[in-house]
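# Coordinate analysis (summary)
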Number of protein chains: 2
Amino acid sequence: MISNLEYYKVFYTVAKEGSLTKAARELHISQPAVSQALKQLETQLDTVLFVRASRGVHLTPEGELLSSYVQSGLEQLLHGEAELMRRKNMEVGEVRIGASDMTLEFFLLPYLERFHEHHPEIKVLVTNGPTPETLQYLTAGKIDFGLVSSPDVDDPHIRAIPVREVEDVFVCGRRFLPYKNKTLDLKELEHLPIISLEQNTSSRRYMDQFLSENGVTIQPEFELAGSNMIVQFAERNLGVGCVARDFAEQQLKEGTLFALRFNQLIPKRHFSLVSLKNTALSVAAQNLVDLILETR
Amino acid sequence: MISNLEYYKVFYTVAKEGSLTKAARELHISQPAVSQALKQLETQLDTVLFVRASRGVHLTPEGELLSSYVQSGLEQLLHGEAELMRRKNMEVGEVRIGASDMTLEFFLLPYLERFHEHHPEIKVLVTNGPTPETLQYLTAGKIDFGLVSSPDVDDPHIRAIPVREVEDVFVCGRRFLPYKNKTLDLKELEHLPIISLEQNTSSRRYMDQFLSENGVTIQPEFELAGSNMIVQFAERNLGVGCVARDFAEQQLKEGTLFALRFNQLIPKRHFSLVSLKNTALSVAAQNLVDLILETR
DNA sequence: TGCTTGCTATAAGTTTATATTATATCATGC
DNA sequence: GCATGATATAATATAAACTTATAGCAAGCA
C-alpha cells in the first residue's frame with residue numbers, strides 16, 4: 001500500500017474536479033501542495049495518473065482504473081464515519097438486556113419507558129430469563145448487560161452493581177390471623193403450610209440456603225411456577241406464601257394479606273446490574289445504564 | 001472526514017492484531033507512535049474505539065462498527081493498487097485498434113503477432129473500417145489508436161504519425177505489353193480501360209484528386225469493392241488496375257503483371273498511426289504503439 | 001505482599017514531510 | 001504576440017509524526 005493514504009484524498013478530489021487549482025480550493029490547501037501530492041502518488045505507484053493539459057487535467061486509463069477503486073474505498077470510509085456518528089448521537093442503535101420477570105416488572109420497566117421516550121430510535125431488546133441464563137448470555141456477548149436478582153455472581157469477568165434491595169416475606173391471609181403482630185421463630189415455619197416457588201429457581205435456593213443455615217428445613221405444600229400465583233394462593237388461605245415483597249405489595253397495603261414477623265431478619269437480596277468487566281458498552285447501552293444508576 | 005487517513009491504517013492493524021505493540025511491529029513504527037495515532041483518531045471521531053486492557057486492546061461496539069467499514073474501505077484501495085500494478089505490468093488489459101483492411105493486412109498484422117507473442121494476456125480488439133469511421137471511433141473514445149491510409153487528417157485533436165509509405169500503381173498484364181518500359185503521360189490513362197475501387201473509398205478519392213489536379217479524368221470500366229479483385233481482373237487482362245503496390249507485389253515479382261511508368265511521379269501516400277493528442281494511451285496501448293514506431 | 005512481566009500512556013526532543021510563497025513554464029485564444 | 005489560466009519547481013517555513021526514555025498499570029505468580 002502507498003505510504004500516505006492522504007494522497008488518495010487529493011487524487012480523488014483532483015479526479016472529481018479535473019483541475020489541481022479547483023481541487024486545492026476544495027481541499028483548502030495551496031495549488032503546489034496538490035501538485036506535489038500527485039507527484040508523490042504517481043512516483044510511488046510508478047504510474048502516470050493524469051494527463052496535464054493547459055485547461056486542467058484528466059485521468060489516464062490507469063488513473064481511471066484506480067479512480068473507481070479509490071472512490072468506492074473512500075466512500076466506504078466516509079460512510080463508516082457517518083454511521084459511527086449516528087450511533088454515537090443515538091440516532092440508531094440497539095440495547096440488548098437480559099432480565100428476569102421480577103427485575104423487569106418491579107425495577108426495569110419504568111427506566112425502559114423513560115429511555116424509549118428520550119431515544120425512540122434505539123431498539124430495546126429484552127431477553128427474559130432467570131439469573132444463570134442471563135449470566136450465560138452476558139458472557140456469550142448476546143446481551144449488553146443484565147438485571148438479576150441473585151447476589152451470587154462469582155465469575156471474575158462480571159461486575160455486579162446492586163441497584164435495589166429486595167425483601168423476601170412470608171405472607172398469609174385471615175386464616176393465619178393469630179400470627180399477626182406476633183414475633184415468630186424461623187423454626188415455626190416448619191409447621192406452617194408453605195407455598196413457595198419451584199426448587200430450580202434462584203429465589204427458592206436463596207431462601208432454602210438461608211433457612212438451612214439456621215437449622216430450618218421447609219417442605220412446602222405447594223410449589224408454584226410464578227410468584228403471582230403464590231400471592232393468589234395465599235389470598236385464598238391455602239397457606240403461607242414466600243415471595244419478594246413487591247409481588248404482594250398491593251395485598252399488604254389493602255390488608256388482604258399480612259407479613260409474618262420473625263425474631264431474626266431475613267437478609268435482603270439485591271437486584272444487580274451485571275455487565276462484563278473487560279468489555280465496553282455501546283453508547284446507547286451505557287446511556288441506559290447511566291440512567292439506571294443515576295436515579296436508582 | 002478525519003484529517004489523516006493514515007490513522008485508519010493504524011486502526012485497522014491494531015484491530016486486527018489486538019495489540020498496539022504487535023501493530024507497531026507490523027507497521028514498522030514504534031509503539032508510542034501507534035498509541036498517539038489512535039488517540040488522535042479517537043479524539044477526532046470523539047469516540048472511544050478500543051478498550052485498553054493489560055493484555056492488549058479490543059474494540060468497543062463503536063470501534064467494531066467502524067472497523068467493518070475501514071476494513072472494506074482499505075481493502076478496496078489495496079485492491080485498486082493491485083489491479084493497477086497488473087495493468088501496468090501488462091498482466092491484464094486490452095488494446096482497441098481501428099484499422100482498414102489494407103493497413104491491417106500490409107502493415108499491422110506482423111506487429112500484432114509479435115505483440116501478442118510477448119503479451120498473451122492482453123486482449124487485442126481490432127475494429128475494421130475505412131478512415132472516416134476510424135477517426136470517428138477515435139474521437140468517440142471507442143479505440144485507443146487507429147491506422148489509416150489517408151493523409152488528410154484535419155481534426156486538431158488528432159495526431160497522425162506516418163509509419164509507412166504506400167505507392168499507388170497502375171498494373172496490367174501481357175495484353176498491355178506494348179506499354180512496358182515506356183514512359184507514359186498521365187493523360188494516356190483516359191484511353192485505357194481502368195479497373196479501380198469504388199468511388200466512396202479514400203484510396204479512390206485520393207487518386208481522382210491527384211489526376212484531376214493534372215487535368216486528367218478517368219472513367220473506369222470496372223469499379224470493384226476490393227483491391228484483391230482488381231489485381232485478379234488485371235491478371236486476366238480485363239484492363240489496367242489501380243491499386244496500392246502491396247496488393248500486386250507477388251504478381252509484379254513473378255512478372256504476371258507489370259506497373260506502368262509515368263513521366264510524373266504519383267505522390268506517395270502514407271499509412272498513419274492516429275491517436276488523440278490530449279488523451280493518454282493505456283500502458284498496453286502505448287507499448288504496442290512503441291513497438292510499431294520503433295521498428296516501422 | 002511484593003516482584004516480574006507485558007502491556008499502554010506520557011513527555012521531550014528530533015526528524016520528516018507537508019505546506020506556503022514566489023516564480024517559472026507552458027499552451028491557448030484573442 | 002501578448003494576456004490568460006493552468007501546472008511545475010524551488011526555497012523556506014511549519015507542523016505533524018516519529019523516536020527514545022520513562023512512567024503507569026493490571027495480572028500472574030512465588
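This part covers the protein's contact with DNA strand D. The immediate surroundings of DNA strand D are formed by 21 residues, with Leu20, Thr21 and Arg52 of chain A together with Asn4 and Ser30 of chain B found nearest. Among atoms of DNA strand D positioned within 4 Å of the protein, sugar and phosphate together represent 62%. Glutamine 31 of chain A is positioned such that a nitrogen or oxygen atom in its side chain is 3.1 Å from a base nitrogen of DNA strand D. In this structure, serine 30 of chain B approaches DNA strand D through a main-chain N or O atom, which is 2.6 Å from a phosphate oxygen.

Scanning the entire structure with this criterion turns up 28 salt bridges over all chains. For the salt bridge of lysine 9 of chain A with glutamate 6 of chain A, the shortest nitrogen-to-oxygen distance reads 3.3 Å. A residue pair is termed a helical-turn pair when its members lie 3 or 4 positions apart in one helix, as lysine 9 of chain A and glutamate 6 of chain A do in helix H1 (residues 6-17) at three residues. Here the two residues lysine 9 of chain A and glutamate 6 of chain A agree in accessibility, since each one is buried. Notably, a salt bridge pairs arginine 269 of chain B with aspartate 168 of chain B, separated by 2.9 Å at the nearest N-O pair. Taken together, the residues span a long stretch of sequence, with arginine 269 of chain B in strand S14 (residues 269-276) and aspartate 168 of chain B in strand S7 (residues 168-172) at a distance of 101 residues. Residues arginine 269 of chain B and aspartate 168 of chain B agree in their burial class; the two are buried. Salt bridges sharing partners connect three or more residues here, namely Lys16, Glu17 and Glu26 of chain A.

Residues and elements named next belong to chain B. Counting buried residues along strand S11 (residues 240-244), five of its five residues qualify, which places the element largely inside the surrounding structure. Note: S7 against S11, four bridges, orientation antiparallel. Among the inter-strand pairings, aspartate 168 is bridged to a residue of S11, identified as alanine 244. Here two bridges tie strand S9 (residues 194-197) to S11, and the two strands are oriented parallel to one another. Counted as the bridge partner of isoleucine 195 is glycine 241 from S11.

The next subject is the protein's contact with DNA strand C. Within the structure, DNA strand C sits among 21 residues, and Tyr7 and Ser30 of chain A together with Leu20, Thr21 and Arg52 of chain B are positioned closest to it. Sugar and phosphate atoms constitute 71% of the interface atoms of DNA strand C, taking the interface as everything within 4 Å of the protein. Contact distances for DNA strand C include 2.6 Å between a phosphate oxygen and a backbone N or O atom of serine 30 of chain A. Threonine 21 of chain B is positioned with one of its side-chain polar atoms (N or O) 2.4 Å from a phosphate oxygen of DNA strand C. When residues of the surface near DNA strand C are traced back to their parent elements, those giving at least two are helix H3 (31-45) of chain A together with helix H2 (20-27), helix H3 (31-45) and strand S2 (56-59) of chain B. It is H3 of chain B that provides the largest number of residues to the surface near DNA strand C, a total of five residues. Split into classes, the residues belonging to the surface near DNA strand C amount to seven nonpolar, eleven polar and three charged.

Moving on: the domain arrangement of chain A. In terms of domain boundaries, chain A breaks down into domain 1 (6-88), domain 2 (94-165 + 270-294) and domain 3 (168-267). Between the C-alpha centres of domain 1 of chain A and domain 3 of chain A the distance comes to 75 Å.

Attention shifts here to the state of the cysteines. Tallied over the full model, the rule gives zero disulfides over all chains. In this model cysteine 242 of chain A remains outside any disulfide bridge; the closest cysteine sulfur is found in cysteine 172 of chain A, 12 Å from its own.

Right, let's get into the interface of chain A and chain B. On the side of chain B, 41 residues touch chain A, which itself brings 41 residues to the contact. Between chain A and chain B lies a buried interface of about 3,900 Å² when both sides are counted; carbon and sulfur atoms form 67% of it. At the surface where chain A touches chain B, the tally comes to two salt bridges. Aspartate 46 of chain B serves as the salt-bridge partner of lysine 88 of chain A, at 3.4 Å between the closest nitrogen and oxygen. For the side of chain A that touches chain B, the secondary-structure elements that each account for two or more residues are H1 and helix H4 (61-88) of chain A. Broken down by class, the residue content of the side of chain A that touches chain B amounts to 20 nonpolar, 13 polar and eight charged.

Centre-to-centre distance and the angle between the planes together describe a pair of aromatic rings. Considering all chains together, one arrives at 15 aromatic pairs over all chains under this definition. Ring centres 5.0 Å apart and planes at 50° place the aromatic pair phenylalanine 107 of chain A and tyrosine 111 of chain A in the tilted group. In this pair, phenylalanine 107 of chain A and tyrosine 111 of chain A both sit in helix H5 (residues 101-118), four residues apart, roughly one turn of the helix. Judged by its relative accessible area of 8%, tyrosine 111 of chain A falls in the buried class. Geometrically, the ring pair formed by phenylalanine 106 of chain B and phenylalanine 247 of chain B is edge-to-face, given 4.5 Å between the ring centres and 85° between the ring planes. Of the two residues, phenylalanine 106 of chain B sits in helix H5 (residues 101-118) while phenylalanine 247 of chain B sits in helix H9 (residues 245-254), which places them 141 residues apart along the sequence. Note on phenylalanine 247 of chain B: relative accessible area 12%, which makes it buried.

Let us look at the relation of the copies chain A and chain B. Between the two copies, chain A and chain B, the superposition gives an RMSD of 0.3 Å; the rotation angle is 179° and the shift along the axis is 0.0 Å. The superposition operator between the copies reduces to a two-fold rotation axis. Of the C-alpha atoms belonging to chain A, the one lying closest to the rotation axis is found on glycine 73 of chain A, 2.1 Å away. The overlap is high: 100% of the interface residues of chain A also sit at the interface in chain B, so the same surface is used on both sides.

Residues and elements named next belong to chain B. Two elements in contact, H5 and helix H10 (residues 283-294), have axes whose closest approach is 10 Å; the angle formed by their N-to-C orientations is 125°. Judged by the inter-axis angle, H5 sits oblique to H10. Both H5 and H10 take part in a crossing whose hand is right-handed. Touching Phe107, Leu108, Tyr111, Leu112, Arg114 and Phe115 of H5 are Ala284, Asn287, Leu288, Leu291 and Ile292, all from H10. Each residue belonging to the contact of H5 with H10 can be placed in one class, and the counts come to nine nonpolar, one polar and one charged.

Calculation rules
- Residues numbered from 1 in each chain as written.
- Chains lettered and ligands numbered in written order.
- Predicted model: local features only at pLDDT ≥ 70, side-chain atom pairs only at ≥ 80, totals over all residues.
- Heavy atoms only, no water.
- Near = heavy atom within 4 Å.
- Polar contact = N/O pair within 3.5 Å; in protein donor to acceptor, adjacent residues only side chain to side chain.
- Salt bridge = Lys/Arg side-chain N within 4 Å of Asp/Glu carboxyl O.
- Helix = DSSP H or I, 4+ residues; strand = E, 2+ residues; numbered from the N terminus.
- Buried < 20%, exposed > 50% of the residue type's maximum accessible area, 1.4 Å probe, protein only.
- Pairing = 2+ DSSP bridges.
- Nonpolar A, V, L, I, M, F, W, Y, C, P; charged D, E, K, R; others polar.
- Domains from an automatic or database assignment.
- Disulfide = S-S within 2.5 Å.
- Contact = heavy atoms within 4.5 Å.
- Buried area = accessible area lost by both parts, 1.4 Å probe.
- Phe/Tyr/Trp six-rings, centres within 6.5 Å; stacked < 30°, edge-to-face > 60°.
- Least-squares fit on C-alpha atoms with pLDDT ≥ 70 in both.
- Axes fitted to C-alpha atoms, helices over the stretch in contact; angles between N-to-C directions.
- Parallel < 35°, antiparallel > 145°, perpendicular 65-115°, else oblique.
- Left-handed = near helix turned anticlockwise from the far one by under 90°.

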